[in-house]
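# Structural characterization, general
In case you want the letters, here they are:
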Amino acid sequence: MQRILIVDDAATVRMYYRSTLAALDVGVEEAVNGVEALEKLLQAPFDLYIVDVNMPKLDGYGFLHELRSLDVPQVPVLMVSTEAQSGDQAKAFAAGANVYLCKPVKPEQLLLHVRFLLGGVRP
Amino acid sequence: MALIKAPQSQPVNEDERRHARTARDLMADLAAADAATRRWAARDLAAFPEAVAVLVARLKVEAEVSVREVILTTLTRLGDDLAIAGLVDCLRSEDAALRNEALEAMKQLPEEVAPIMRGLLRDGDPDVRIFAVNILESLRHPEVEAWLIDVIAHDAHVNVCATALDLLGEVGTEAAEGPLRALTARFPGEPYIQFAASLALGRIHEG
Amino acid sequence: MRAERNLEPLTISDEDFRKFQEYFYRKTGIHFDNAKRYFVDKRLVERIEATGSETFRNYFMLVRFQASGAELQVLTNLMTVNETYFFREEYQFECMVRSLLPELTARRAKGAPIRIWSIPSSSGEEAYSIAIYLLERWPGINSWDVEIISSDIDTEILARAREGLFSARSVQHLPPRYLEKYFRKTPAGYQICDDLREAVEFTRVNLTEAVDTRGYRDFDLIFCRNLLIYFDELSRKAAAETFYDALRPGGYLCLGHSESMSRISNIYKIRKFPEAIVYQKPQEGRCNVS
């Protein structure tokens, strides 16, 4: 089974993504910031990361930079931000994100991108 | 070769010299080429409240994360109005890491931040307002719930309201129920708002 | 306004448990799933009553907003297991001899001794465990000098550590041949041998006092297990920064198994070894990404 890591410091947001992803046949785990995300993925890497930009300790960009420099499977990253500035979007892609979404994310939007990035997950 | 006993740990002469340095020496060391020197300077400046301005200035240009962290610990310890103002400045930085680090430091200074909270919650920049709501998480102040309710009642920006919602689930009382319902009416097309408001209402109701 | 005293026994609702669960996970990284309801509820009720809070809600507000953080500390103490004994969290000692020391010695020319700091020392089990592990499980001990320093804020417990007398409970996880080799059974307990007592230097240190820690430098490995979890956020962060400067570049820091840098600091590099996750001070500085 494919596994997704949700990285966001807000518990409600993690719960929201989790309940949306329940429509898919995937495993879901959570981390509150980039440091915890790295610790978890080093134990067992994931197939997809959904990562918030603004987090304490290590933010989305910092996490992405670390991930892309680690010797682990380089899988898709879906970055989520509160701001829609085009400058940020370019920065996210340059840092190695595959998709950049703005909060608040709609369930169908999340599912569409996750399905695509995971390559045809069964609904 | 084996387990050997370390010689008695004495402060090395070098340390004594370092410790006796003046604020001026330490502030100069904040710009040293070597990161360890900058860290020690930032740490030792915790004894010198007059160094706040220099610490804030260095924070804004310091690229080495370990040095930034020590500067922030020191600024948190000094925690005066000037330090707070410096941290608020950092909330507006282009540097995402610095913004988030400054936010964390401010969360450690709830009493000192309280007087400017109202202003921050009304800031023109929605990102700053989101940070302000975030700071409320650690603030022990009788107005916290009222401020959160004010945000969800009036803030135009959906993400500022969403951040407030998260906290209301944890600290909200019956007073928040009406405003929570009103919020769901204000953003009927936003599933996240519906989800989070419903969660918060459930928490308040059962609590 | 005090609520009318409810004569029914206090219970924790599902929503209250979730509130506590999320809050505690956010603060400590420790996650209590539903299987631990009984364990958690019992302790919450105990503290609600002990603090005279009467309701979970009042208690929760107390924990969240108390300036001193004292109640959160009491609660954390209750929710975590604090026993000390020989070879506790042994996987980290395994990591030391199988991964960390080999990596360290491969990159270092011989010369200065390897320096290990164990803090808090408590009654000495950790420091002596490290010593035994090095002597018994690390071939490199024959070609490297190792210094073990172990510190605590409490002078009484340091005295006990120096004495080296332990209960049956404390030594129960030791392989019998180690127990025989390094301890002498006395009516008062298991007495550790003089060689080991002399191998460890016990010192008094208050980790939160810069003046105490200033001289602690050039360590290759620091064990700080199950201490930081009881500190407030700022002190935890400051301790992580203190350890950073106490370490040589490339030096390693081991925290307790339920502790993580994710709630403390981002200055360390996270290293995954077969036996454990360990934090490492980078060899050179790390700069901001953007």
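Here the structure is a predicted model, which is why all the values come from computation and not from measurement. (Residues numbered from 1 in each chain as written. Chains lettered and ligands numbered in written order. Predicted model: local features only at pLDDT ≥ 70, side-chain atom pairs only at ≥ 80, totals over all residues.)

## Points about the interface of chain A and chain C
In this complex, chain A contributes 13 residues to the contact, which on the side of chain C involves twelve residues. Of all the secondary structure elements, the ones that give two or more residues to the side of chain A that touches chain C are helix 2 (34-43) and helix 3 (60-69) of chain A. When residues in the side of chain A that touches chain C are grouped by element, the largest group, five residues, is from helix 2 of chain A. Class assignment for the residues of the side of chain A that touches chain C results in seven nonpolar, three polar and three charged. (Contact = placed C-beta atoms within 7 Å. Helix = DSSP H or I, 4+ residues; strand = E, 2+ residues; numbered from the N terminus. Nonpolar A, V, L, I, M, F, W, Y, C, P; charged D, E, K, R; others polar.)

## Considering the confidence of the model for chain B
Scored by pLDDT, chain B comes out at a mean of 91, with 91% of its residues at no less than 70. Across the interface, the model reports ipTM at 0.93; the global pTM reads 0.92. (pLDDT = per-residue confidence, 0-100.)

## Regarding the packing of helix 2 of chain A against helix 3 of chain A
What describes two packed helices is the angle between their axes and the distance between those same axes. Residue and element names in this part refer to chain A. Two elements in contact, helix 2 and helix 3, have axes separated by 9 Å at closest approach and are oriented at 25°. When the axes of helix 2 and helix 3 are compared, the pair comes out roughly parallel. The chirality of how helix 2 crosses helix 3 is right-handed. On helix 3, the residues touching Gly-34, Ala-37 and Leu-38 of helix 2 are Gly-60, Gly-62, Phe-63 and Glu-66. (Axes fitted to C-alpha atoms, helices over the stretch in contact; angles between N-to-C directions. Parallel < 35°, antiparallel > 145°, perpendicular 65-115°, else oblique. Left-handed = near helix turned anticlockwise from the far one by under 90°.)

## Quick word on the domain arrangement of chain B
All names here are of chain B. Parsing chain B into structural domains produces domain 1 (22-108) and domain 2 (113-207). Every contact between the two is made by six residues of domain 1 and, on the other side, nine residues of domain 2. Mapped onto the side of domain 1 that touches domain 2, the elements with two or more residues apiece are helix 6 (81-91) and helix 7 (96-107). With three residues, helix 7 is the largest single contributor of residues to the side of domain 1 that touches domain 2. Grouping the constituent residues of the side of domain 1 that touches domain 2 by class yields four nonpolar, no polar and two charged. (Domains from an automatic or database assignment.)

## Describing the environment of Val-75 of chain A
Residues and elements named next belong to chain A. On the secondary structure map, Val-75 appears in the loop between helix 3 and strand 4 (77-81). For Val-75, a count of 19 C-beta atoms within 10 Å puts it in the partly exposed group. Sequence separation between Val-75 and Asp-47 is 28 residues, and the spatial gap between their C-alpha atoms is 5.7 Å. Those residues in contact with Val-75 that sit more than four places away from it in its chain are Phe-46, Asp-47 and Leu-48. (Buried ≥ 20, exposed ≤ 12 C-beta atoms within 10 Å, placed from the backbone.)

## Let's talk about the sheet that holds strand 5 (residues 189-192) of chain C
All names here are of chain C. Within the open sheet, the three strands sit side by side as 3-5-4. Their pairing is antiparallel. Lying at the two open borders of the sheet, with one neighbouring strand each, are strand 3 (165-166) and strand 4 (183-186). Of the strand pairs in this sheet, strand 4 and strand 5 are connected by four bridges, and their pairing is antiparallel. Residue Arg-184 lies in a different strand from strand 5, and its bridge partner there is Gln-191. (Pairing = 2+ DSSP bridges.)

## Comments concerning helix 2 (residues 37-50) of chain C
An ideal rise of 1.5 Å per residue puts 20 Å on 14 residues; helix 2 of chain C measures up with 20 Å between its terminal C-alpha atoms. Trailing helix 2 of chain C by a residue or two, Gly-52 of chain C shows a phi angle of about 65°, which is positive. (Expected span 1.5 Å × (residues − 1).)

## Regarding the interface of chain B and chain C
In this complex, chain B contributes 33 residues to the contact, which on the side of chain C involves 44 residues. Elements with a minimum of two residues in the side of chain B that touches chain C: strand 1 (3-4), helix 3 (35-44), helix 5 (65-78), helix 7 and helix 13 (191-206) of chain B. It is helix 5 of chain B that contributes the most residues to the side of chain B that touches chain C, six residues altogether. Looking at the side of chain B that touches chain C residue by residue, the class counts come to 14 nonpolar, eight polar and eleven charged. Inspection of the sheet shows strand 1 of chain B paired to strand 2 (residues 146-152) of chain C by two bridges, in the parallel sense. Within strand 2 of chain C, the residue paired with Leu-3 of chain B across the bridge is Val-146 of chain C.

## Section: the pairing of strand 2 (residues 27-31) of chain A
All names here are of chain A. Pairing of strand 1 (residues 3-7) with strand 2 involves five bridges; the strand directions are parallel. In the strand pairing of strand 2, Arg-3 is matched with Gly-27. Where the polypeptide runs from strand 1 across helix 1 (residues 11-21) and back to strand 2, its parallel neighbour, the crossover connection is right-handed. (Right-handed = clockwise from strand over helix to strand, strands pointing away.)

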